[in-house]
Amino acid sequence: MTATRPQPRPGVLDIAPYVPGKSTAPGVAKVFKLSSNETPLGPSEKAIAAYRAAGEHLEDYPDGAATDLREAIGAAFGLDPARIICGAGSDDLLNLIARAYLTDGDEAIHTTHGFLVYPIATLGTGAKPIVAPETQHTADVDAILKAVTPKTKVVFLANPNNPTGTYVPFDEVKRLHKSLPAHVLLVLDAAYAEYVTRNDYEAGIELVATSENVVMCRTFSKIYGLAALRLGWMYGPAPIVDAINRIRGPFNVNAPAIAAGVAAIRDTAHVERARAHNTQWLNWLTEEIGKLGLTVTPSVANFVLIHFPETKGRTAKEADAFLTKRGLVLRAVGAYKLPNCLRMTVGSEEANRLVVQALKDFLGQAA
Ligand SMILES: Cc1ncc(COP(=O)(O)O)c(C=O)c1O
């Protein structure tokens, strides 16, 4: 039968639209947004200055190849700039990867509480998202391998994962890669890599450098504090970089973002400060919230996943409402199949202390 109006391709209407973390608390004078894993330190002053300078020339198209930025990233990480692609956020790159490597009937694997952009990007291509179960809120290599079928084309692994904050040690990532068929693309999404301080963690540079079916995605939205500019990058094997360059928008990264990104990646002192702040307060929050009797999933990123009981008066939903009334905006993660949890970004000292006090009051009033 002929349709009476344009129809999106199969899969598109199966997508549950991505709902960003809320940013307001009605009627509260001072709001602490702890719902989107943004850095409480803001970006480098040098990045802000570079952004402002680029703003003097908004009439000019950006360099479509983002050459300066790829060279700055290459210098910072010891990578060949020719094997780097920049994107309008790593979201852009994840979608481009899906578009280049998935089609109708294919399958792409992600884990139970994996980042929501993976099923969205997958469904947008007509392919099917396949969910591999996690163990203790952590990606499980054996479960991922078990989910592989002849239709599998892509495996998305957030490492560390959002919203759980857990990670897969590099040995396990290598084992996953070794057991995947050579034609399956392993996407290592290392958006929070800069925060991790564990010896057995690696973002995946070595694996990308030594194989033909692994890419690593990174972002400027988290530790670099440039989320508003939408800036991410991918490092991959030459043939994959070539394929993605063919389909990306010719000017997918804007000029102020390129300029700010170059300055941000060079300001290593700022990154160090942000990492030190995070390590200190991540540990403090995990301990203090734990002392209140709430379970906190051990996190290596810049946020914590807090588990609430299902008892009336103590639920995640009620805690969310209580905290929001005090201007403390956390992230409800029901869409991530975690209805009894809230995710809290590691904030400023003031915000962190206020949340712990508010949680104490919340649990106290329910007692
Ligand atoms: C695991 C993960 N990957 C990718 C992103 C996307 O980051 P952006 O598009 O801002 O670079 C996020 C953002 O929350 C994330 O948590």
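Residues numbered from 1 in each chain as written. Predicted model: local features only at pLDDT ≥ 70, side-chain atom pairs only at ≥ 80, totals over all residues. Heavy atoms only, no water.

> Lay out helix H2 (residues 67–77) with the relevant residues and their values.
Listed in full, the buried residues belonging to H2 are Leu69, Arg70, Ala72, Ile73 and Gly74. Looking one or two places after H2, you find glycine 78, whose phi comes out positive at around 70°. (Buried < 20%, exposed > 50% of the residue type's maximum accessible area, 1.4 Å probe, protein only. Helix = DSSP H or I, 4+ residues; strand = E, 2+ residues; numbered from the N terminus.)

> How would you explain the pattern of salt bridges if you had to name every residue and give the values?
Taken as a whole, this structure holds 13 salt bridges when the rule is applied. Notably, a salt bridge pairs lysine 30 with glutamate 350, separated by 3.1 Å at the nearest N-O pair. Residue lysine 30 is located in the segment before strand S1 (32–33), and its partner glutamate 350 is located in helix H12 (residues 349–366); the two are separated by 320 residues in the primary sequence. For lysine 30, a relative accessible area of 47% puts it in the partly exposed group. Among the salt bridges present, the one from arginine 175 reaches aspartate 142, with a minimum N-O distance of 3.0 Å. One end of the pair, arginine 175, is in helix H6 (residues 170–179); the other, aspartate 142, is in helix H5 (residues 141–147), and 33 residues separate them in sequence. Judged by relative accessible area, arginine 175 falls into the partly exposed class, the value being 31%. (Salt bridge = Lys/Arg side-chain N within 4 Å of Asp/Glu carboxyl O.)

> Can you lay out the packing of helix H3 (residues 89–101) against helix H8 (residues 238–247) for me, pointing to particular residues and giving the numbers?
Viewed as axis vectors pointing N to C, H3 and H8 meet at an angle of 100°, and their least axial separation amounts to 9 Å. When the axes of H3 and H8 are compared, the pair comes out roughly perpendicular. Every residue of H8 that contacts H3 at Leu96, Ile97, Arg99, Ala100 and Tyr101 is listed here: Pro239, Ile240, Ala243, Ile244 and Ile247. Its residues assigned to classes, the contact of H3 with H8 comprises nine nonpolar, no polar and one charged. (Axes fitted to C-alpha atoms, helices over the stretch in contact; angles between N-to-C directions. Parallel < 35°, antiparallel > 145°, perpendicular 65-115°, else oblique. Contact = heavy atoms within 4.5 Å. Nonpolar A, V, L, I, M, F, W, Y, C, P; charged D, E, K, R; others polar.)

> Provide a residue-level description of the packing of helix H1 (residues 45–54) against helix H9 (residues 255–266), including the pertinent values.
As a packed pair, H1 and H9 sit with axes 8 Å apart at the nearest point and diverge in direction by 155°. The pairing of H1 with H9 is recorded here as roughly antiparallel in orientation. For the crossing formed where H1 meets H9, the hand is right-handed. In contact with Lys46, Ala47, Ala50, Tyr51 and Ala54 of H1, H9 contributes Ala255, Pro256, Ala259, Ala260, Ala263 and Ala264. Of the residues assigned to the contact of H1 with H9, the class counts are 10 nonpolar, no polar and one charged. (Left-handed = near helix turned anticlockwise from the far one by under 90°.)

> Quick rundown of the site of the ligand? Include the residues and the values.
Around the ligand lies a shell formed by Gly89, Ser90, Asp91, Phe115, Asn162, Asp189, Ala191, Tyr192, Thr219, Ser221, Lys222 and Arg230. Aspartate 91 has a polar backbone atom sitting 3.0 Å from an oxygen atom of the ligand. Protein contact buries 94% of the 390 Å² of open area that the ligand shows by itself. Split by residue class, the shell around the ligand holds three nonpolar, five polar and four charged. (Near = heavy atom within 4 Å. Polar contact = N/O pair within 3.5 Å; in protein donor to acceptor, adjacent residues only side chain to side chain. Areas by Shrake-Rupley, 256 points an atom, 1.4 Å probe, with all protein chains shown as cover.)

> Could you give an account of the sheet that holds strand S12 (residues 303–307), with specific residues and numbers?
Spatially, S11-S12-S15-S14 is the arrangement adopted by the four strands of the open sheet, whose pairing is antiparallel. A single partner strand is all that each edge strand has here, and the edge strands are strand S11 (295–297) and strand S14 (331–332). Relative to strand S15 (residues 341–345), S14 runs antiparallel, the two sharing two bridges. Each residue of the ladder has a partner; that of arginine 331, found in S15, is arginine 343. (Pairing = 2+ DSSP bridges.)

> Any chance you could break down the environment of leucine 185 for me, citing the residues and the numbers?
Within the secondary structure, leucine 185 sits in strand S8 (residues 185–189). Residue leucine 185 is classed as buried on the basis of its relative accessible area of 4%. Setting aside residues no more than four positions away along its own chain, leucine 185 makes contact with Ile97, Tyr101, Lys153, Val154, Val155, Asn213, Val214, Val215 and Ile240.

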